[in-house]
Amino acid sequence: MKKSISLVFASILTLAIAGCGNNSNSAGGNNTDSSKSGNVAEAAAPANAQGGNASAEPAKVTKIIVGTGTGFPKVCYIDENGKLTGFDVELIKEIDNRLPEYEFELQTMDFSNLLLSLETKKIDLVAHVMEKNPERELKYSFNKEAYAHWRNRIVVAKDNESIHSLDDLKGKKVLTGATSAQAQILENYNKEHENAINIVYQNGTANDTAAQISSGRVDATLAADFVLPIIDPQSKLKATGDELSSADILYVLRKDDADSQKLSDAIDGAIKELKTDGTLGKLSTEWLGADVTANSVQ
């Protein structure tokens, strides 16, 4: 890499996942270096040469605090060697390599704290397979070039033949992650149907999702199409019914912020390069088992 990425870890909490930008993750989110949090600083231009022999000063490198999680297997998690890795982590490293004017520092925290940390300027960017939806657009900015695309469906036990739609979930317990895109789908349905679905906000690990559904403690969850083999390696679950939503996966930044917009534009350029040279598709296949980057959601 052209520059190193520092990993700032807070205390590890309970790991959790509910898929695609909706998974609870395990570390606390306090940054111990206050000088590294908050506003994105604009890179300085090289100084003018003094006299005939002076060389220009190198441009300043802007440090960007990237918020991510640790409890989403294959996306952002701690491996058996204690290393933070996964699709989102390795992709942000590749983007960092291609943007010499920036240095990305990863900070881990619980998923439910990511957007709040962005608002309070503890981090500058959220990297956690985040879906763009109308509710989030009201408060946050997104880069334009999607780095993945997927569809959300209902997930139930393999022997369940009674649930095929949101209407079938009335009176049922449905597991999801707080502040996730999937939670938003359920909460929007409940607003129009007198809280007909019993939403259970998840605190367990990724594998606990399969255990809770297969044991009958809850009846279903919602998940993106690629997530099922990750949360259910023993194939106890199945996706059912039509897709509930489809979404582009993007990075989340502060809204109405000139420096964040400059960063967003730079990230878009790097993602286009990664698509063109095939790196993005290779990362997706390596970590997620399929290329979920190929087709834009219409």
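Our subject is the structure listed above.
First, a word on scope: everything that follows refers to the structure included in this document.

Conventions and cut-offs
Residues numbered from 1 in each chain as written. Predicted model: local features only at pLDDT ≥ 70, side-chain atom pairs only at ≥ 80, totals over all residues. Heavy atoms only, no water. Helix = DSSP H or I, 4+ residues; strand = E, 2+ residues; numbered from the N terminus. Buried < 20%, exposed > 50% of the residue type's maximum accessible area, 1.4 Å probe, protein only. Contact = heavy atoms within 4.5 Å. Pairing = 2+ DSSP bridges. Axes fitted to C-alpha atoms, helices over the stretch in contact; angles between N-to-C directions. Parallel < 35°, antiparallel > 145°, perpendicular 65-115°, else oblique. Nonpolar A, V, L, I, M, F, W, Y, C, P; charged D, E, K, R; others polar. Left-handed = near helix turned anticlockwise from the far one by under 90°.

Section: the overall build of the chain
Okay, step 1: Looking only at helices and strands, one finds eight helices and 13 strands in the chain.
Okay, step 2: Burial statistics for the chain: of 298 residues in total, 52% are counted as buried.
Okay, step 3: Intrachain contacts of the chain at a sequence separation of at least 6 include 74% that bridge at least 24 residues.

Concerning the pairing of strand β12 (residues 220-224)
Okay, step 1: Of all five residues in β12, five are buried; the element is thus mostly enclosed.
Okay, step 2: Here β12 shows two buried faces, one formed by Ala220, Leu222 and Ala224 and the other by Thr221 and Ala223.
Okay, step 3: As paired strands, strand β9 (residues 148-157) and β12 are joined by four bridges and run antiparallel to one another. Counted as the bridge partner of Val155 is Thr221 from β12.
Okay, step 4: As judged from the two bridges shared by strand β10 (residues 173-176) and β12, these two strands associate in the parallel manner. Looking at β12, one finds that Val174 is bridged to Ala220.

What about the packing of helix α1 (residues 87-97) against helix α7 (residues 258-276)?
Okay, step 1: For the pair α1 and α7, the least separation of the axes is 9 Å and the interaxial angle reads 105 degrees. Taken together, the axis directions place α1 and α7 in an arrangement best described as roughly perpendicular. Within the contact between the two elements, α1 uses Leu91, Glu94 and Ile95 and α7 uses Ile267, Ala270, Ile271 and Leu274.
Okay, step 2: Partitioned by chemical class, the residues of the contact of α1 with α7 number six nonpolar, no polar and one charged.

Points about the environment of Tyr77
Okay, step 1: In this structure, Tyr77 sits in strand β4 (residues 76-78).
Okay, step 2: Residues Tyr77 and Val89, spaced twelve residues apart in sequence, show a C-alpha to C-alpha distance of 8.6 Å.
Okay, step 3: Sequence-distant contacts of Tyr77, that is, excluding residues within four places in its chain, are made with Gly69, Thr70, Phe72, Lys83, Leu84, Thr85, Gly86 and Trp287.

Things to note about the packing of α1 against helix α8 (residues 279-288)
Okay, step 1: Viewed as axis vectors pointing N to C, α1 and α8 meet at an angle of 155 degrees, and their least axial separation amounts to 10 Å. Here α1 is positioned roughly antiparallel relative to α8, judged by the angle of their axes. Both α1 and α8 take part in a crossing whose hand is right-handed. Each of Phe87, Glu90, Leu91 and Glu94 in α1 lies in contact with α8, whose residues at this interface are Thr279, Leu280, Leu283, Ser284, Trp287 and Leu288.
Okay, step 2: Across the contact of α1 with α8, the residue classes break down as six nonpolar, two polar and two charged.

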